[in-house]
Amino acid sequence: MAELDTRMNLKTIIDYNEVYGETKDVSFADTLIKDIPSVTLLNYISGFNIKLYLNEVSTDAYNIQIQLLNNLIVKAGEPTIEIFKKVFQKHLDQQQWPIVFWQYSNLLFYELIFRNYNTNPTRDLTSDEAKKVLDAYLILNSITSARFKITTKEVQEAAAKEETESILLPNFIYQKDYTSTTDFSNQITRSIKIFEYLEQSDKFKDFVQDYYKHLRVKDYKDLIYNILTIFTQVGIGEHITERKQIIPLGNLLPLINIDYINSLSINDTISTYSPDNSFRTLRNKMLYHFDKYIYFLLDINFLIDQLYKAQIFSFKKFIENKGYQGNFLSVKGKEFMEDIYFRLIMEKCFPNFIRKSGDDAKKNDGNEICDYYLRKGDNIILIEFKDILLSADLKEKSDKELLYSEFEKKFFENQKKDPKGIQQLYNAVKYIENNALFFDEITEEATLNIYPIVVYTDLSFGYEGINKILKKKFSEMLSSETFTKTKVKDVTFINLSYFEIHEDYLNQEFIELFKFIEEYHQHTQKEQYRTTPFEVYSRFYLKENIKTKLGNPSFMLEVLKQIIPPESHDAIVD
């Protein structure tokens, strides 16, 4: 098998200073766009967003950058075209990947538009305006470039120590929040299941009915159906040229809930828009109402988040305003994600394994050995499940010490000295080495292979290097122990979405997880691949080695029938 090149593809952002040899601030960008129709600008930037979705690192990524750039430089004229040819060629000669457009700068451009919003009628850009828009975008790219305060000496020192993650993590982890989300099918399943939980929970069932009224929907099915309706109008499955940021919905009346869709429109809040590091307003209002029943989709990631992620924080805020005094995120993490949803996913993925949830996998003292226990033959998987978040403020600080300290608290030991994550797994493997497992029938003579896994839900923990840091710490802990009854493998960090999306590959054993984990760790022993996340390796491996395409997960197709009208069930296809 050919070696998989899973190294991070670092891209070089082209900014104003590089193109023109001077620096301009945001106030200059304000003057550039102030007389251009705001609706024209929104049309362009929302178009960039849709075209970039799922194409940051695809094989077509460079060509798409050129296509988007041509939308402006061709109008701007030959002098601008020649400037960019030289800039791009310089980077290509240095084997660098230059980009102009990316999702974070799109969001900054929306804020620029809102700050200078006008109601001038829509029209296309003139030649002069096209150059002004491009120059304004380059100025916003300069803001991003200015965030990185990395010296050549720091890079050299980190490389010499084989610790490039110490530079990359603090400075780039925030970008995980703005890359294309592949969590679509699992956002649907999580959404349906969380609302089922809320409706049945004594703590939340009264709140949730009022919450539906607050959202202007009949129930969660109404909410999900309308989000999916918008999504399908975009044409994500079509060729890149067929994708549309303009969403016409008039022909879908009365099947859609127009009051709810209008609540996702940002128009009424533009005059009071207040910027913040997380683009909170845009996350909740990602549509622009262009004309009667016609909308621009400003950010497709934020639309998808409305299925589950955004609902969690929206519901939390709603019930707190209604007087709820508890910690909703903690309750949701334990009662729903760990005790209900995660266990359900494990059942879907591993129907032929011995499966034990924490309640059924206890040590002699009555405490759980781990959150979830899987066994097939002599191979055991021990899982610690972490439905926890890395705060946006922390990611924005670009502070290595604070960031690494947070990793310790969440995955090793918290402020109360309670074991977390890898320390819990370390305690579990020590217990199995020294004690019989009364909750499972294992041959005493067997030498057990133990695969410790941390399953997480926050995409930030999948950034390159985190797995390396915590795997090293786990290995150091094991090095002080002697194991004779067991063979303990390296700890593996895996996003829950991996199991959700690959449900059928796992239950049909196209992916043999034990073998797959072994090969992943062999791959990351090589210096150039040590920071590769499990999911990145999997994506490369499946593309190269598993030609069978199973389509959307069976669980998603199953629950989707709760949303789609019965007469359309036969139309639910992969």
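Since the model is a prediction, treat every value here as computed from it, not as a measurement.

What counts, and at which threshold
Residues numbered from 1 in each chain as written. Predicted model: local features only at pLDDT ≥ 70, side-chain atom pairs only at ≥ 80, totals over all residues. Heavy atoms only, no water. Helix = DSSP H or I, 4+ residues; strand = E, 2+ residues; numbered from the N terminus. Rg over C-alpha atoms; globule rule 2.2 N^0.38 Å. Contact = heavy atoms within 4.5 Å. Areas by Shrake-Rupley, 256 points an atom, 1.4 Å probe, with all protein chains shown as cover. Lys, Arg positive; Asp, Glu negative; His and termini not counted. Charge placed at Lys NZ, Arg CZ, Asp CG, Glu CD. Expected span 1.5 Å × (residues − 1). Buried < 20%, exposed > 50% of the residue type's maximum accessible area, 1.4 Å probe, protein only. Phe/Tyr/Trp six-rings, centres within 6.5 Å; stacked < 30°, edge-to-face > 60°. Lys NZ or Arg CZ within 6 Å of the ring centre and 35° of its normal. Pairing = 2+ DSSP bridges. Axes fitted to C-alpha atoms, helices over the stretch in contact; angles between N-to-C directions. Core = buried A, V, L, I, M, F, W, Y, C linked by side-chain atoms within 4.5 Å. Salt bridge = Lys/Arg side-chain N within 4 Å of Asp/Glu carboxyl O. Parallel < 35°, antiparallel > 145°, perpendicular 65-115°, else oblique. Left-handed = near helix turned anticlockwise from the far one by under 90°. Nonpolar A, V, L, I, M, F, W, Y, C, P; charged D, E, K, R; others polar.

Caption draft 1: Here's a closer look at the overall build of the protein. When its secondary structure is counted, the protein shows 26 helices and 11 strands. Computed over the C-alpha atoms, the radius of gyration of the protein is 25 Å, within 12% of the 25 Å expected from 2.2 N^0.38 for a compact globule of 574 residues. Within the protein, counting contacts between residues at least 6 apart in sequence, those at least 24 apart form 75% of the total. As displayed, the protein has an accessible area near 26,200 Å², and 47% of this comes from carbon and sulfur atoms. On the protein, the mean spot of the 71 positive side-chain charges and the mean spot of the 85 negative ones are 2 Å from each other.

Caption draft 2: Main features of helix 4 (residues 61-76). Taking 1.5 Å of rise per residue, the 16 residues of helix 4 would be expected to cover 22 Å, and the 23 Å separating its terminal C-alpha atoms lies within 8% of that figure. Here helix 4 has its buried residues at A61, I64, Q65, L68, L69, L72, I73 and A76. The inward-facing, buried residues of helix 4 contact helix 3 (38-52), helix 5 (78-93), strand 2 (97-99) and helix 7 (127-147). G77 occupies a position one or two residues after helix 4 and carries a positive phi of about 115°.

Caption draft 3: Representation of the packing of aromatic side chains in the model. Inspection of every chain in the model, using the stated rule, returns 50 aromatic pairs. Residues Y62 and F88 carry aromatic rings whose centres are separated by 6.2 Å and whose planes lie at 55° to one another, so their mutual orientation is tilted. One end of the pair, Y62, is in helix 4; the other, F88, is in helix 5, and 26 residues separate them in sequence. Looking at Y62, the relative accessible area reads 27%, which means it is partly exposed. Consider the rings of F350 and F499, whose centres lie 6.1 Å apart with planes at 65°: the pair is edge-to-face. Highlighted residues: F350 in the loop between helix 17 (328-349) and strand 6 (354-357) and F499 in helix 22 (residues 496-501), separated in sequence by 149 residues. Of the two residues examined, F350 and F499, each falls in the buried class. Cluster of aromatic residues (ring-pair linked, three or more members): F350, F353, Y451, Y498, F499, F514, F516, Y520, F534, Y537 and Y541. Over the face of the ring belonging to F28 we find K24, whose NZ or CZ atom lies 4.6 Å from the ring centre. When the ring centre of F412 is taken as origin, the NZ or CZ atom of K473, which lies over that ring, is 4.4 Å away.

Caption draft 4: Looking closely at the sheet that holds strand 3 (residues 246-248). An order of 3-5-4 is seen for the 3 strands of this open sheet, with the pairing classed as antiparallel. With partners counted over all chains shown, the strands left at the sheet margins are strand 3 and strand 4 (287-291), one partner each. Sheet twist, expressed as the average angle between the axes of neighbouring strands with direction ignored, equals 35°. Two elements, strand 4 and strand 5 (residues 294-297), share 4 bridges in a ladder whose sense is antiparallel. From the neighbouring strand, H289 faces strand 5, where its bridge partner is Y295. Taken strand by strand, helix 3 contacts strand 3, strand 4 and strand 5, and its axis lies near 55° from that of strand 5.

Caption draft 5: Molecular detail of the environment of S201. Summarising the element assignment, S201 is placed in the loop between helix 10 (185-200) and helix 11 (205-215). Given a relative accessible area of 7%, S201 falls into the buried group. In sequence terms S201 and Y62 are 139 residues apart; their C-alpha atoms lie 49 Å from each other.

Caption draft 6: The arrangement of the pairing of strand 8 (residues 379-386) in detail. The element strand 8 is extensively covered by neighbouring structure, given that 8 of its 8 residues are classed as buried. Of the two faces of strand 8, the one holding N379, I381, I383 and F385 and the one holding I380, L382, E384 and K386 are both buried throughout. One ladder, built from 5 bridges, connects strand 7 (residues 372-376) with strand 8; its direction is antiparallel. By the bridge assignment, K376 is partnered in strand 8 with N379. The hairpin turn running from strand 7 into strand 8, its antiparallel successor, is 2 residues long, and G377 in that turn takes a positive phi close to 65°.

Caption draft 7: Structural detail: the nonpolar core. Core analysis: the biggest nonpolar cluster contains 151 residues, and V100, F101, F109, F114, F204, L282 and F499 have the highest contact counts within it. No other element matches helix 17, which puts 9 residues into this core. Residues contacting F109, with those up to four places away along its chain left out, are I33, L41, I45, V133, A136, Y137 and L140. Counting residues in each nonpolar core, the second largest holds 41 residues, with L390, Y426, A428 and V454 among its members.

Caption draft 8: Region of interest: the pattern of salt bridges. Evaluated as defined, the whole model comprises 31 salt bridges. For the salt bridge of K193 with E196, the shortest nitrogen-to-oxygen distance reads 3.2 Å. Placement of both K193 and E196 in helix 10 is noted, with a separation of 3 residues, approximately one turn of the helix. For R343, the salt bridge goes to D339, with nearest N and O atoms at 3.3 Å. One end of the pair, R343, and the other, D339, are both in helix 17, 4 residues apart, so they sit about a helical turn from each other. One salt-bridge network, in which partners are shared between bridges, spans K334, E338, D339, R343 and D359.

Caption draft 9: The arrangement of the pairing of strand 7 in detail. Counting buried positions over the 5 residues of strand 7 gives 4, a clear majority of the element. In terms of strand pairing, strand 6 meets strand 7 through 4 bridges, oriented antiparallel. By the bridge assignment, R355 is partnered in strand 7 with L374.

Caption draft 10: Summary view of helix 21 (residues 466-478). Under the 1.5 Å per step criterion, the end-to-end length of helix 21 is 19 Å for 13 residues, consistent within 8% with the ideal 18 Å. Along helix 21, the residues classified as buried are I466, N467, K468, I469, L470, K471, F474, M477 and L478.

Caption draft 11: Structural context of the packing of helix 2 (residues 26-33) against helix 7. Packing of helix 2 against helix 7 leaves a shortest axis separation of 9 Å and a crossing angle of 160°. Comparing the axis directions of helix 2 and helix 7 gives the class roughly antiparallel. The way helix 2 lies across helix 7 gives a crossing that is left-handed. For the pair helix 2 and helix 7, the contacting residues are V26, F28, A29, L32 and I33 in the first and K132, D135, A136, I139 and I143 in the second. Looking at the contact of helix 2 with helix 7, its residues break down into 8 nonpolar, no polar and 2 charged.

Without other data, these values stay purely geometric and don't point to any function.
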